[in-house]
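Read off the chains here:
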Amino acid sequence: LFVCEDYVVKDFVFGDETQQLLCSNMSSTDFDLTGQIVWPASLLLGWFVWAHHEDIFRGRTILELGAGCGLGGFFAANFASKEPNSVIITDGNDIVMRLLQRNVDFLQFGESVVAKKLLWGKVSELQALYPSPEDLPEVIIGADIILWPSQIQNLLTTVHYILFTRFAAGLKPSEVYISYVVRANTTTDLLYQKAKEWNLLIDTIPTDSFLPADCRVFDPLEKRMFSVKLDEGITTSRI
């Protein structure tokens, strides 16, 4: 199987900020290599980061899940903590991981930004990345990471572990933000169903609260921005 790993540098502009990134110039790719392309949900996440770079991302530690090219994570890294390993950008595909590492090398954030492979639902892998509750990220982000219904359970396992572990340790809750382009309402319904089972609360953030009024790049897509929180009234871990 031939896999194209030829990437180009693109500029992504959010307000008064520009983020360069290596990514594929193709309009489509193999279903398991969607991470080579910057999709609209990643742009939506970029605009969210830009709008909230001071109140949410400034000086914080960040984890990006299912990062693909890593646009959201690398853009957020401009505002995040500069301590070593403060921003961990992850994906579960080896080919996409090679692209992420090339972006780490290209963008030269230094030791503050690293790319790591992470398979959702594997608590042992999270524990290897974050040995203690205090190490767990303050902010978790993701773009189009609820695309595949079969992965929702594993995704929520990962999110719940981080939120519950920090809660149980008496730490300030992590904040979770996910951008999403709706392709099937059944997938969205499944997300809410599984989130309830995991004692997670999902709130929709109005996109007009952070997108510029003249931004038309998402028309006519049905775009959504979610925040996810632990229902602290139910304190039992399921892991």
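Thresholds applied
- Residues numbered from 1 in each chain as written.
- Predicted model: local features only at pLDDT ≥ 70, side-chain atom pairs only at ≥ 80, totals over all residues.
- Heavy atoms only, no water.
- Salt bridge = Lys/Arg side-chain N within 4 Å of Asp/Glu carboxyl O.
- Helix = DSSP H or I, 4+ residues; strand = E, 2+ residues; numbered from the N terminus.
- Buried < 20%, exposed > 50% of the residue type's maximum accessible area, 1.4 Å probe, protein only.
- Pairing = 2+ DSSP bridges.
- Axes fitted to C-alpha atoms, helices over the stretch in contact; angles between N-to-C directions.
- Contact = heavy atoms within 4.5 Å.

Trainee: What is the right way to look at the pattern of salt bridges in this model?
Mentor: Enumeration over the complete set of coordinates arrives at 7 salt bridges. Residue Glu175 is joined to Arg60 by a salt bridge in which the shortest nitrogen-to-oxygen separation is 3.2 Å. Highlighted residues: Glu175 in strand β7 (residues 175-181) and Arg60 in the loop between α2 (53-57) and β3 (62-65), separated in sequence by 115 residues. Under the relative-accessibility criterion, Arg60 is labelled buried at 11%. Lys117 serves as the salt-bridge partner of Asp94, at 2.8 Å between the closest nitrogen and oxygen. In this pair, Asp94 is assigned in helix α4 (residues 94-107) and Lys117 in strand β5 (residues 113-117), connecting sequence segments 23 residues apart. On the basis of relative accessible area, Lys117 is assigned to the partly exposed category, the value being 39%. Salt bridges sharing common partners tie together Arg60, Glu138 and Glu175.

Trainee: Looking at this model, I keep getting lost on the sheet that holds strand β8 (residues 200-205). Mind explaining?
Mentor: In a beta sheet, neighbouring strands are held together by backbone hydrogen bonds and run either parallel or antiparallel to one another. Taken together, 7 strands build an open sheet; the order of strands is β5-β4-β3-β6-β7-β9-β8 and the sheet is mixed. Every interior strand has two partners, whereas the edge strands, β5 and β8, have only one. Recorded for the sheet is a direction-independent mean angle of 20° between the axes of neighbouring strands. Taken together, the 3 bridges between β3 and strand β4 (residues 87-91) define a ladder with parallel strand orientation. Residue pairing for β4: Glu64 is matched across the bridge by Ile89. On top of the sheet, helix α1 (residues 40-51) reaches β3, β6 (139-143), β7, β8 and β9 (223-230); it is set at about 140° to β7, its chief contact. Running over the sheet, α4 touches β4 and β5 and is turned about 170° from β5.

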